[in-house]
Amino acid sequence: MPEGDTVWNTAQALHRALAGQRLTASDFRVPRLATADLTGWTVVESTCRGKHLLLRLAAEADDAPGRRMTLHSHLRMDGSWRVYPTGTRWTGGPAHLVRVALHTGKATAVGYHLHDLALVPTDEEDSLVGHLGPDLLGPDWDPAEAVRRLAGHGDTAIAEALLDQTNLAGIGNLYKCEVLFLRGVSPWAPVSTVDKLPAMVDLAHRLLVANRGRWTQSTTGSLHRGQTTYVYGRRAQPCRRCGTLIRKTEQDDRVTYWCPTCQTGDE
């Protein structure tokens, strides 16, 4: 599943391409929005909350002055947005995966295999994202609230709690595994036994901020292939700290990588 920084990067790419542009056509290819038409609407901004993308639009029609709508989408594991200069070929995937295309005079934004696609009044966005915890990359990031929410799940495994977007929004498998390794915490440790939750939350925030604005994610400081992570994606390779072979397993239906020596605890 894409991490919060990947979603943030996607939102910024859409903003650069579409903000201030009037839509010349829209093409929705999901049943619930099959009759929706945003032709003539102007893109106000593209932003995100956690892993949710929010494309905000304003009507210019005489019969709907000041009307605002938000197009919501979620990438999950396999979704993506691609931007193409108007008139060029779309190369992001087969046509049957296209869920929406938004056309302007300069560019076309195409959403492939998007999930939870919805069009709602902008003042009702909370119906889609109001349940989320503090956004690690949001302007209203609140580390104390994130710690409070995590601490409220004392019996939950810390790896599961970090992925719960109602605790803090933006962490996916990569940062989950890397943060736990860097803090020396077993993925199976109950939240109530984890020392210095504020330090863990702060580390997660710093890692996502450090990677914001680039597509190559690194927790080691290196951008060279094969050197960007400590444990994630490194099953059966030696730990960069102690040399023990990194392990991989399923945990609560998600993949977890960890070092059994640096992160002691029951599996």
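Residues numbered from 1 in each chain as written. Predicted model: local features only at pLDDT ≥ 70, side-chain atom pairs only at ≥ 80, totals over all residues. Heavy atoms only, no water.

Asker: With reference to specific residues and values, describe the overall build of the protein.
Answerer: Counting secondary structure elements, the protein contains six helices and ten strands. A compact globule built from 267 residues should have a C-alpha radius of gyration of about 18 Å, and the protein, at 20 Å, falls within 12% of that. Dimensions of the protein along its principal axes, counting C-alpha atoms only, are 65 × 40 × 30 Å. A total of 267 residues make up the protein; the buried ones form 51% of that total. Nonlocal contacts in the protein, meaning residues at least 24 apart in sequence, comprise 58% of its contacts between residues at least 6 apart. When the accessible area of the protein is evaluated, it comes to approximately 12700 Å², of which 47% is carbon and sulfur surface. (Helix = DSSP H or I, 4+ residues; strand = E, 2+ residues; numbered from the N terminus. Rg over C-alpha atoms; globule rule 2.2 N^0.38 Å. Buried < 20%, exposed > 50% of the residue type's maximum accessible area, 1.4 Å probe, protein only. Contact = heavy atoms within 4.5 Å. Areas by Shrake-Rupley, 256 points an atom, 1.4 Å probe, with all protein chains shown as cover.)

Asker: So what's going on with the sheet that holds strand β3 (residues 52-58)? Which residues, and what values?
Answerer: Read across the sheet, four strands follow the order β2-β3-β4-β8 without closing on themselves; strand pairing throughout is antiparallel. Two strands close off the open sheet at either side, each with one partner strand: β2 (42-49) and β8 (115-121). Along the sheet, successive strands turn relative to each other by an average axial angle of 20°, direction set aside. Packing of helix α1 (residues 4-18) onto the sheet brings it into contact with β2 and β3, and relative to β2 it is tilted by some 170°. (Pairing = 2+ DSSP bridges. Axes fitted to C-alpha atoms, helices over the stretch in contact; angles between N-to-C directions.)

Asker: Describe in detail the packing of helix α5 (residues 173-182) against helix α6 (residues 197-211), supporting the description with residues and values.
Answerer: Viewed as axis vectors pointing N to C, α5 and α6 meet at an angle of 130°, and their least axial separation amounts to 10 Å. The angle between the axes of α5 and α6 places the two elements in the oblique class. Like other packed secondary-structure pairs, α5 and α6 cross with a definite hand, here right-handed. Here Y175, V179, L180 and L182 of α5 come into contact with α6, specifically with M200, L203, A204, L207, L208 and N211. Considering only residue class, the contact of α5 with α6 consists of nine nonpolar, one polar and no charged. (Parallel < 35°, antiparallel > 145°, perpendicular 65-115°, else oblique. Left-handed = near helix turned anticlockwise from the far one by under 90°. Nonpolar A, V, L, I, M, F, W, Y, C, P; charged D, E, K, R; others polar.)

Asker: Describe the pairing of β2, naming the residues involved and giving the relevant values.
Answerer: Two elements, β2 and β3, share seven bridges in a ladder whose sense is antiparallel. Residue pairing across strands places R49 opposite H52, the latter belonging to β3. Between β2 and β3, which pair antiparallel one after the other, the connecting turn spans two residues, and G50 there sits at a positive phi close to 60°.

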